[in-house]
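Listed below, chain by chain, are the residues.
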Amino acid sequence: MTRLILLGPPGAGKGTQAKLLSDICSVPHISTGDILRSAVAEKTELGQKAQQYMSAGELVPDELILNLIRERLSQPDAQKGWVLDGFPRNVPQAEFLDKLLDEIDQPFDFVINLDVPDEVIVSRLIKRGRQDDAEDIIRHRLEVYRQQTEPLIDFYRSRQRLVSVDGNQEMEAVNADLRKVVEG
Ligand code: AMP
(Lines give C-alpha, C1' and ligand atoms only; values in the text may rest on other atoms or scores of the structure.)
Protein backbone atom coordinates (compact mmCIF):
# COMPACT_ATOMS: atom_id res chain seq x y z
CA MET A 1 0.00 0.00 0.00
CA THR A 2 1.55 3.27 -1.09
CA ARG A 3 0.01 6.70 -0.73
CA LEU A 4 2.19 9.58 -1.80
CA ILE A 5 1.71 13.28 -2.33
CA LEU A 6 4.17 14.96 -4.70
CA LEU A 7 4.87 18.65 -4.21
CA GLY A 8 7.07 20.94 -6.21
CA PRO A 9 7.01 23.93 -8.53
CA PRO A 10 5.71 23.65 -12.09
CA GLY A 11 8.47 22.06 -14.18
CA ALA A 12 10.04 20.20 -11.25
CA GLY A 13 9.34 16.91 -13.02
CA LYS A 14 6.39 15.96 -10.79
CA GLY A 15 4.36 14.46 -13.62
CA THR A 16 7.19 12.28 -14.93
CA GLN A 17 8.25 11.12 -11.49
CA ALA A 18 4.68 10.54 -10.32
CA LYS A 19 4.11 8.30 -13.35
CA LEU A 20 7.32 6.32 -12.68
CA LEU A 21 6.44 5.93 -8.99
CA SER A 22 2.91 4.83 -9.77
CA ASP A 23 4.34 2.11 -12.06
CA ILE A 24 6.87 0.98 -9.47
CA CYS A 25 4.26 0.87 -6.69
CA SER A 26 1.41 -0.43 -8.94
CA VAL A 27 -0.98 2.29 -7.82
CA PRO A 28 -2.80 4.89 -9.93
CA HIS A 29 -1.20 8.22 -10.79
CA ILE A 30 -3.78 10.87 -9.96
CA SER A 31 -2.98 14.20 -11.60
CA THR A 32 -5.53 16.98 -11.23
CA GLY A 33 -3.82 18.79 -14.14
CA ASP A 34 -4.31 15.71 -16.40
CA ILE A 35 -7.93 15.33 -15.29
CA LEU A 36 -8.58 19.01 -16.01
CA ARG A 37 -6.81 18.89 -19.40
CA SER A 38 -8.99 15.92 -20.44
CA ALA A 39 -12.09 17.79 -19.28
CA VAL A 40 -11.04 20.78 -21.38
CA ALA A 41 -10.38 18.56 -24.43
CA GLU A 42 -13.76 16.85 -24.01
CA LYS A 43 -15.45 20.21 -23.46
CA THR A 44 -17.28 18.97 -20.37
CA GLU A 45 -18.89 21.46 -18.02
CA LEU A 46 -15.87 21.21 -15.72
CA GLY A 47 -13.55 21.74 -18.69
CA GLN A 48 -15.40 24.81 -19.83
CA LYS A 49 -15.26 26.31 -16.37
CA ALA A 50 -11.59 25.43 -15.81
CA GLN A 51 -10.14 26.46 -19.15
CA GLN A 52 -9.84 30.22 -18.59
CA TYR A 53 -8.00 29.76 -15.28
CA MET A 54 -5.62 27.20 -16.72
CA SER A 55 -4.61 29.23 -19.73
CA ALA A 56 -4.02 32.26 -17.49
CA GLY A 57 -1.79 30.20 -15.18
CA GLU A 58 -4.20 30.64 -12.26
CA LEU A 59 -5.44 27.93 -9.97
CA VAL A 60 -8.88 26.61 -10.81
CA PRO A 61 -11.32 27.48 -7.96
CA ASP A 62 -11.34 24.96 -5.12
CA GLU A 63 -15.04 24.21 -5.57
CA LEU A 64 -14.25 22.65 -8.96
CA ILE A 65 -11.42 20.53 -7.59
CA LEU A 66 -12.50 19.24 -4.19
CA ASN A 67 -15.38 17.04 -5.30
CA LEU A 68 -13.33 15.80 -8.18
CA ILE A 69 -10.67 14.53 -5.76
CA ARG A 70 -13.24 13.05 -3.41
CA GLU A 71 -14.77 11.09 -6.30
CA ARG A 72 -11.42 10.03 -7.75
CA LEU A 73 -10.19 8.70 -4.40
CA SER A 74 -13.40 6.70 -3.98
CA GLN A 75 -12.83 4.76 -7.24
CA PRO A 76 -11.99 1.05 -6.82
CA ASP A 77 -8.46 1.38 -8.25
CA ALA A 78 -7.58 4.03 -5.64
CA GLN A 79 -8.30 1.68 -2.74
CA LYS A 80 -4.88 0.07 -3.13
CA GLY A 81 -3.04 3.40 -2.93
CA TRP A 82 -2.16 6.33 -5.16
CA VAL A 83 0.37 8.94 -6.16
CA LEU A 84 -1.17 12.42 -6.02
CA ASP A 85 0.35 14.91 -8.46
CA GLY A 86 -0.81 18.54 -8.49
CA PHE A 87 -3.12 18.25 -5.50
CA PRO A 88 -3.17 19.83 -2.95
CA ARG A 89 -2.15 23.19 -4.38
CA ASN A 90 -3.05 25.51 -1.46
CA VAL A 91 -3.69 25.29 2.28
CA PRO A 92 -7.51 24.93 2.05
CA GLN A 93 -7.05 21.98 -0.35
CA ALA A 94 -4.54 20.41 2.06
CA GLU A 95 -6.95 20.83 4.95
CA PHE A 96 -9.73 19.32 2.86
CA LEU A 97 -7.48 16.39 1.97
CA ASP A 98 -6.62 15.82 5.64
CA LYS A 99 -10.29 15.54 6.51
CA LEU A 100 -11.09 13.39 3.51
CA LEU A 101 -8.26 10.92 4.17
CA ASP A 102 -9.29 10.73 7.78
CA GLU A 103 -12.90 10.06 6.76
CA ILE A 104 -11.96 7.26 4.37
CA ASP A 105 -9.28 5.99 6.72
CA GLN A 106 -6.48 6.26 4.17
CA PRO A 107 -3.54 8.13 5.72
CA PHE A 108 -0.76 9.13 3.31
CA ASP A 109 2.75 7.75 3.75
CA PHE A 110 4.87 10.68 2.59
CA VAL A 111 4.75 14.10 1.08
CA ILE A 112 7.69 14.36 -1.29
CA ASN A 113 8.93 17.81 -2.22
CA LEU A 114 10.86 17.98 -5.49
CA ASP A 115 13.28 20.83 -5.06
CA VAL A 116 14.39 22.73 -8.19
CA PRO A 117 15.86 26.26 -8.49
CA ASP A 118 13.83 28.91 -10.34
CA GLU A 119 16.22 29.44 -13.29
CA VAL A 120 16.13 25.72 -14.06
CA ILE A 121 12.33 25.67 -13.93
CA VAL A 122 11.81 28.49 -16.39
CA SER A 123 14.20 27.05 -18.96
CA ARG A 124 12.71 23.54 -18.58
CA LEU A 125 9.16 24.83 -19.02
CA ILE A 126 10.00 26.90 -22.07
CA LYS A 127 11.40 23.72 -23.67
CA ARG A 128 8.28 21.71 -22.74
CA GLY A 129 6.09 23.99 -24.89
CA ARG A 130 2.65 23.18 -23.43
CA GLN A 131 -0.11 25.70 -24.13
CA ASP A 132 0.27 27.26 -20.67
CA ASP A 133 4.07 27.34 -21.02
CA ALA A 134 4.50 30.79 -22.63
CA GLU A 135 7.17 32.66 -20.67
CA ASP A 136 4.90 35.31 -19.07
CA ILE A 137 2.43 32.62 -18.02
CA ILE A 138 5.25 30.45 -16.66
CA ARG A 139 6.40 33.36 -14.49
CA HIS A 140 2.85 33.86 -13.30
CA ARG A 141 2.47 30.16 -12.48
CA LEU A 142 5.68 30.36 -10.47
CA GLU A 143 4.29 33.32 -8.53
CA VAL A 144 1.06 31.42 -7.86
CA TYR A 145 3.20 28.50 -6.72
CA ARG A 146 5.22 30.70 -4.32
CA GLN A 147 2.14 32.34 -2.85
CA GLN A 148 -0.28 29.45 -2.63
CA THR A 149 1.50 26.12 -2.93
CA GLU A 150 4.90 26.64 -1.31
CA PRO A 151 3.32 27.23 2.15
CA LEU A 152 2.35 23.54 2.01
CA ILE A 153 6.01 22.65 2.57
CA ASP A 154 5.75 24.08 6.10
CA PHE A 155 2.24 22.72 6.51
CA TYR A 156 3.54 19.17 6.05
CA ARG A 157 7.01 19.68 7.52
CA SER A 158 5.49 20.61 10.86
CA ARG A 159 3.83 17.19 10.90
CA GLN A 160 7.08 15.41 10.05
CA ARG A 161 5.70 13.75 6.95
CA LEU A 162 7.83 15.68 4.47
CA VAL A 163 10.79 14.36 2.49
CA SER A 164 12.75 16.66 0.16
CA VAL A 165 14.39 15.26 -2.94
CA ASP A 166 16.80 17.17 -5.22
CA GLY A 167 14.88 17.53 -8.47
CA ASN A 168 17.78 19.28 -10.20
CA GLN A 169 19.40 16.06 -11.43
CA GLU A 170 18.94 13.72 -14.38
CA MET A 171 15.51 12.08 -14.41
CA GLU A 172 17.02 8.66 -13.54
CA ALA A 173 18.89 10.07 -10.53
CA VAL A 174 15.76 11.79 -9.21
CA ASN A 175 13.86 8.55 -9.68
CA ALA A 176 16.53 6.56 -7.82
CA ASP A 177 16.27 8.98 -4.87
CA LEU A 178 12.48 8.68 -4.88
CA ARG A 179 12.67 4.89 -4.93
CA LYS A 180 14.87 5.00 -1.85
CA VAL A 181 12.15 6.99 -0.08
CA VAL A 182 9.26 4.71 -1.02
CA GLU A 183 11.16 1.48 -0.61
CA GLY A 184 12.36 2.64 2.81
P1 AMP B 1 -0.46 20.91 -13.67
O2 AMP B 1 -0.50 19.97 -14.81
O3 AMP B 1 -0.50 20.23 -12.34
O4 AMP B 1 0.66 21.92 -13.78
O5 AMP B 1 -1.83 21.76 -13.72
C6 AMP B 1 -2.13 22.58 -14.84
C7 AMP B 1 -3.14 23.64 -14.42
O8 AMP B 1 -4.34 22.98 -13.95
C9 AMP B 1 -2.71 24.53 -13.26
O10 AMP B 1 -1.94 25.63 -13.69
C11 AMP B 1 -4.05 24.96 -12.69
O12 AMP B 1 -4.67 25.94 -13.51
C13 AMP B 1 -4.88 23.69 -12.84
N14 AMP B 1 -4.80 22.83 -11.64
C15 AMP B 1 -4.25 21.59 -11.55
N16 AMP B 1 -4.37 21.09 -10.32
C17 AMP B 1 -5.02 22.04 -9.60
C18 AMP B 1 -5.45 22.13 -8.24
N19 AMP B 1 -5.21 21.14 -7.36
N20 AMP B 1 -6.09 23.25 -7.84
C21 AMP B 1 -6.34 24.26 -8.71
N22 AMP B 1 -5.96 24.24 -9.99
C23 AMP B 1 -5.30 23.14 -10.44
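Here, every reference points to the structure presented above.
Residues numbered from 1 in each chain as written. Predicted model: local features only at pLDDT ≥ 70, side-chain atom pairs only at ≥ 80, totals over all residues. Heavy atoms only, no water.

A.B. asks: Would you mind going over the sheet that holds strand β3 (residues 81-85) with me for this structure?
C.D. replies: For sheets, the rule is that strands pair by backbone hydrogen bonds, running either parallel or antiparallel. Strands sit in the order β2-β3-β1-β4-β5 across an open sheet of five strands; the sheet is parallel. Taken across any chain shown, the strands that pair with only one partner, and hence form the sheet edges, are β2 (29-31) and β5 (162-166). Geometrically, the sheet is characterised by an average inter-axis angle of 25° between neighbouring strands, direction not taken into account. Along the sheet, helix α2 (residues 32-41) makes contact with β2 and β3, crossing β2 at roughly 65°. (Pairing = 2+ DSSP bridges. Helix = DSSP H or I, 4+ residues; strand = E, 2+ residues; numbered from the N terminus. Axes fitted to C-alpha atoms, helices over the stretch in contact; angles between N-to-C directions. Contact = heavy atoms within 4.5 Å.)

A.B. asks: Explanation requested: the pairing of strand β1 (residues 2-7) in the structure shown.
C.D. replies: Side-chain positions along a regular strand alternate between the two faces of the sheet. Most of β1 is tucked away, with six of its six residues classed as buried. Judged by which residues are buried, β1 turns out to be covered on both faces: Thr 2, Leu 4 and Leu 6 on one side and Arg 3, Ile 5 and Leu 7 on the other are all buried. Sheet analysis places β1 next to β3, joined by five bridges and oriented parallel. What sits directly across from Leu 4, in β3, is Val 83. The pairing of β1 with strand β4 (residues 110-115) spans four bridges and is parallel. Of the residues in β4, the one forming a bridge with Leu 4 is Phe 110. (Buried < 20%, exposed > 50% of the residue type's maximum accessible area, 1.4 Å probe, protein only.)

A.B. asks: In this structure, what is going on with the packing of α2 against helix α3 (residues 45-55)? I would like to understand it.
C.D. replies: When two helices pack together, their arrangement is given by the angle between their axes and by how far apart the axes lie. Packing of α2 against α3 leaves a shortest axis separation of 8 Å and a crossing angle of 115°. As far as their axial angle goes, α3 and α2 are roughly perpendicular. The crossing of α2 and α3 is left-handed. In contact with Gly 33, Leu 36, Arg 37, Ala 39 and Val 40 of α2, α3 contributes Leu 46, Gly 47, Ala 50, Gln 51 and Met 54. (Parallel < 35°, antiparallel > 145°, perpendicular 65-115°, else oblique. Left-handed = near helix turned anticlockwise from the far one by under 90°.)

A.B. asks: Looking at this model, I keep getting lost on the site of the ligand. Mind explaining?
C.D. replies: Taken together, 15 residues form the shell around the ligand, and within it Thr 32, Arg 37, Glu 58, Gly 86 and Gln 93 come nearest. One of the backbone nitrogen or oxygen atoms of Glu 58 is found 2.6 Å away from an oxygen atom of the ligand. Here Val 60 contributes a backbone N or O atom positioned 3.0 Å from a nitrogen atom of the ligand. Look at the ligand: alone it shows 480 Å² of surface, and the protein chains cover 95% of it. Under a 2 Å grid-point criterion requiring more than half of the atoms, the pocket assigned to the ligand is the largest pocket. (Near = heavy atom within 4 Å. Polar contact = N/O pair within 3.5 Å; in protein donor to acceptor, adjacent residues only side chain to side chain. Areas by Shrake-Rupley, 256 points an atom, 1.4 Å probe, with all protein chains shown as cover. 1 Å grid on protein atoms, 1.4 Å probe; cavity = no way out; pocket = protein on both sides within 12 Å on 5 of 7 lines; lining within 4 Å. Sits in = over half its atoms within 2 Å of the grid points.)

A.B. asks: Could you clarify how one ought to interpret the environment of Phe 108 in this entry?
C.D. replies: With respect to the helices and strands, Phe 108 occurs in the loop between α5 (91-103) and β4. Under the relative-accessibility criterion, Phe 108 is labelled buried at 10%. The residues contacting Phe 108, other than those within four sequence positions of it, are Arg 3, Ile 5, Trp 82, Asp 98, Leu 101, Tyr 156, Arg 159 and Arg 161.

A.B. asks: Would you take a moment to explain the environment of Ala 56 for this structure?
C.D. replies: Within the secondary structure, Ala 56 sits in the loop between α3 and α4 (62-73). For the pair Ala 56 and Ile 137, spaced 81 residues apart in sequence, the C-alpha to C-alpha distance is 6.5 Å. Contact partners of Ala 56, with chain neighbours within four places excluded, come to Ile 137 and His 140.

A.B. asks: What exactly am I supposed to notice about the layout of surface pockets here?
C.D. replies: Where empty space is left becomes clear once a probe the size of a water molecule has been rolled over the atoms. The space that makes up the largest pocket amounts to roughly 930 Å³. Residue lining of the largest pocket: 44 residues in total, with Pro 10, Lys 14, Arg 89, Arg 130 and Arg 141 positioned closest to the centre. Those elements that provide at least two residues to the lining of the largest pocket are β1, α1 (14-25), β2, α2, α6 (118-128), α7 (135-149) and α9 (171-182). Counting residues per element, the lining of the largest pocket draws most heavily on α2, which supplies five residues. For the second largest pocket, the calculated volume is near 170 Å³. (Points joined across faces, edges and corners; volume = space filled by probe spheres on them.)

A.B. asks: What is the right way to look at the nonpolar core in this model?
C.D. replies: A general tendency of soluble globular proteins is for nonpolar side chains to be buried together. In this structure, Ile 69, Trp 82 and Tyr 156 are the most contacted members of the largest nonpolar core, which totals 29 residues. Broken down by secondary-structure element, the contributors of at least two residues to this core are β1, α3, α4, β3, α5 and α8 (151-157). For this core, the leading source of residues is α4, giving six residues. With sequence-adjacent residues up to four places away left out, Tyr 156 is seen in contact with Ile 5, Leu 7, Pro 88, Ala 94, Leu 97, Phe 108, Val 111, Arg 161 and Leu 162. Listed in part, the 21 residues of the second largest apolar core include Ala 12, Val 116, Val 120 and Val 181. (Core = buried A, V, L, I, M, F, W, Y, C linked by side-chain atoms within 4.5 Å.)

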